[in-house]
Amino acid sequence: MPSHTHARRPSKRTKAAVAVTLGTALASGALFAGVQSATAGPSETPTMNESFDSAAEKYDVPRDVLAAVGYGETHFDGHNGKPSQAHGFGVMHLVSNPSRHTLEQAAKITGKSAAELRKDTDANIHGGAAVLRAYADKLGLSKAERDDVDKWYPAVAGYSGAKGVTARMYADSVYEFLKEGVRGTSPDGERVKIAARAVHPDKSEVDASGVGAKAPGYPGAKWVPANSANFRSGRTAKVNQIVIHVTQGSYAGTINWFQNPSAKVSAHYVVRSKDGEITQMVYNKDTAYHVGNANPSTLGIEHEGYVDDASWFTDSMYRSSAKLTRALAKAHGIPLDRKHIVGHNEVPGNDHTDPGKHWNWQKYMELVKG
């Protein structure tokens, strides 16, 4: 947006001279040339909408597909370059961990440094577009196919870095955003819109293994087991607490991370923001790695989102999670109170801050108690 300056009001003595000069300048067009010259300078930082537009054009990615991936990852919040739980950065969640290197891939394609890609939103969005295009090229999408939103489904699944049911979850979520539309807001208040549209992607190219598997510990939940390196079989103590977490990442991204043997972390359940969908990843009888020394006596429930962004904590999430907590408490004889249903930050010996100040404990406990 152009800035507006307020000139000092001329004195009575100079008003006539100013009027003559102004009239001459207007007639000749010199005034506008002078203003343009005086205000010209370095280009302003692109808006997020401009970044999505230019990145989509440069890498020939449908703008709304690119934006839907960004919204699904971060709700358009780059978190000032801070890493997610899976060590992903920026609006597009460019990842640098032992098994995924989309940050480094983006740096190679765009010529931007890793530091710039982590912290600069425009660079990060261009990096995400470059990586998404690389998946399209790997799939052999032609120019005409790249213009078809539906053809990008397997490329979006590839962007997740996941396989099987988790890749399906990720791509399905992005295409639900495309189908329903999105009205998001960046941290500085800019509105970013994705128009609703009819989508009919061909999902046959994405492995469907594990899709439809039922969770053993909670009816209605999906079952996607965590890697065996991220939990321990059995318990050494009686379960007496349920711990509420926030993922610091997306739903599918968190599930994928818990399947990664290098993570060394997990939780029993993960709850999705938009509709409260639940995935179980560790048996209730086993010890998930989520709260240090308290692991043997606790059940962990992760909630999609980030502690500093209240937009993730939807009514659907609260209600679904509360119903899960109530069922787990009943099964294990755990009292429905704040001594036994706690936040990660409330467990002794932990330095985590989740679920954070935006988590509505009053609402949650009311729902838990029914």
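Provided above is the structure to which this section pertains.
So, here is what we can say about the structure in this document. Computed from a predicted model, the values in this text were never measured in an experiment.

**A word on the overall build of the protein chain**
No. 1: Within the protein chain, the regular secondary structure consists of 13 helices and twelve strands.
No. 2: Counting only residues that meet the buried cut, the protein chain has 49% of its 370 residues in that class.
No. 3: Residue pairs at least 24 apart in sequence account for 68% of intrachain contacts in the protein chain once pairs closer than 6 positions are excluded.
No. 4: On the protein chain, roughly 18,100 Å² of surface is accessible, and the fraction owed to carbon and sulfur atoms is 53%.

**Here's the deal with unusual backbone geometry**
No. 1: For the bond from Asp354 to Pro355, the omega torsion is 10°, close enough to zero to count as cis.
No. 2: Its place among the elements puts Pro355 in the loop between strand S12 (341–343) and helix H13 (361–369).
No. 3: The phi angle at His75 is positive, at roughly 55°, despite the residue not being glycine.
No. 4: As for its position among the elements, His75 is in the loop between helix H4 (63–74) and strand S1 (88–89).

**A word on the packing of H4 against helix H7 (residues 121–139)**
No. 1: Here H4 crosses H7 at 110°, and the two axes come no closer than 11 Å. One finds that H4 runs roughly perpendicular with respect to H7. Crossing handedness for the pair H4 and H7: right-handed. Residues Val65, Leu66 and Val69 of H4 lie in contact with H7, whose contacting residues are Ile125, Gly128, Ala129 and Leu132.
No. 2: Its residues placed into classes, the contact of H4 with H7 shows six nonpolar, one polar and no charged.

**Regarding the pairing of strand S11 (residues 298–303)**
No. 1: Where burial is concerned, most of S11 is hidden: six out of the six residues are buried.
No. 2: By the alternation rule, side chains of S11 split into Thr298, Gly300 and Glu302 and Leu299, Ile301 and His303, which are all buried.
No. 3: As paired strands, strand S7 (residues 241–246) and S11 are joined by six bridges and run parallel to one another. Opposite Val246, over in S11, you have His303 as the bridge partner.
No. 4: Bridging between strand S8 (residues 269–271) and S11 involves three bridges; their strand directions are parallel. The residue of S11 that forms the bridge with Tyr269 is Ile301.

**With respect to the packing of aromatic side chains**
No. 1: Per the stated rule, a full pass over the model turns up twelve aromatic pairs.
No. 2: Ring pairing ties together the aromatic residues Phe313, Tyr318, Trp359, Trp361 and Tyr364, which thus form one cluster.
No. 3: Seen from the ring of Trp361, Arg338 lies directly overhead, with NZ or CZ sitting 3.7 Å from the centre.

**Looking at the side chain of Thr325**
No. 1: With respect to the helices and strands, the residue Thr325 is situated in helix H12 (residues 315–332).
No. 2: Beyond its immediate sequence surroundings of up to four residues, Thr325 is in contact with Ile242, Ile244, Ile301, Ile341, Tyr364 and Val368.

**Here's the deal with helix H10 (residues 164–180)**
No. 1: Taking 1.5 Å of rise per residue, the 17 residues of H10 would be expected to cover 24 Å, and the 24 Å separating its terminal C-alpha atoms lies within 8% of that figure.
No. 2: Summarising burial for H10: 13 of the 17 residues are buried, a large majority.
No. 3: Looking at the residues trailing H10, positive phi occurs at Gly181, about 85°.

**A short note on the pairing of S7**
No. 1: Burial analysis of S7 places six of its six residues in the buried class, which makes it a mostly covered element.
No. 2: Covered by surrounding structure in S7 are Gln241, Val243 and His245 together with Ile242, Ile244 and Val246, the residues of both alternating faces.
No. 3: Of the strand pairs in this sheet, S7 and S12 are connected by three bridges, and their pairing is parallel. Bridge assignment links Val243 to a residue of S12, and that residue is Val342.

**Things to note about the environment of Ser51**
No. 1: Positionally, Ser51 belongs in helix H3 (residues 48–59).
No. 2: Take Ser51: its relative accessible area is 1%, and that puts it in the buried class.
No. 3: When the C-alpha positions of Ser51 and Ala123 are compared, they lie 8.3 Å apart, and in sequence the two are 72 residues distant.
No. 4: Setting aside anything within four residues of it in sequence, one finds Ser51 in contact with Pro46, Asp122, Ile125 and His126.

**Regarding the environment of Ile341**
No. 1: The residue Ile341 is located in strand S12 in this model.
No. 2: For the pair Ile341 and Val368, spaced 27 residues apart in sequence, the C-alpha to C-alpha distance is 9.7 Å.
No. 3: Setting aside its immediate chain neighbours within four residues, Ile341 contacts Ile242, Ile244, Thr325, Pro335, Leu336, Trp361, Tyr364, Met365 and Val368.

What counts and what doesn't
Residues numbered from 1 in each chain as written. Predicted model: local features only at pLDDT ≥ 70, side-chain atom pairs only at ≥ 80, totals over all residues. Heavy atoms only, no water. Helix = DSSP H or I, 4+ residues; strand = E, 2+ residues; numbered from the N terminus. Buried < 20%, exposed > 50% of the residue type's maximum accessible area, 1.4 Å probe, protein only. Contact = heavy atoms within 4.5 Å. Areas by Shrake-Rupley, 256 points an atom, 1.4 Å probe, with all protein chains shown as cover. Axes fitted to C-alpha atoms, helices over the stretch in contact; angles between N-to-C directions. Parallel < 35°, antiparallel > 145°, perpendicular 65-115°, else oblique. Left-handed = near helix turned anticlockwise from the far one by under 90°. Nonpolar A, V, L, I, M, F, W, Y, C, P; charged D, E, K, R; others polar. Pairing = 2+ DSSP bridges. Phe/Tyr/Trp six-rings, centres within 6.5 Å; stacked < 30°, edge-to-face > 60°. Lys NZ or Arg CZ within 6 Å of the ring centre and 35° of its normal. Expected span 1.5 Å × (residues − 1).

These values are about where atoms sit, not about what they do.
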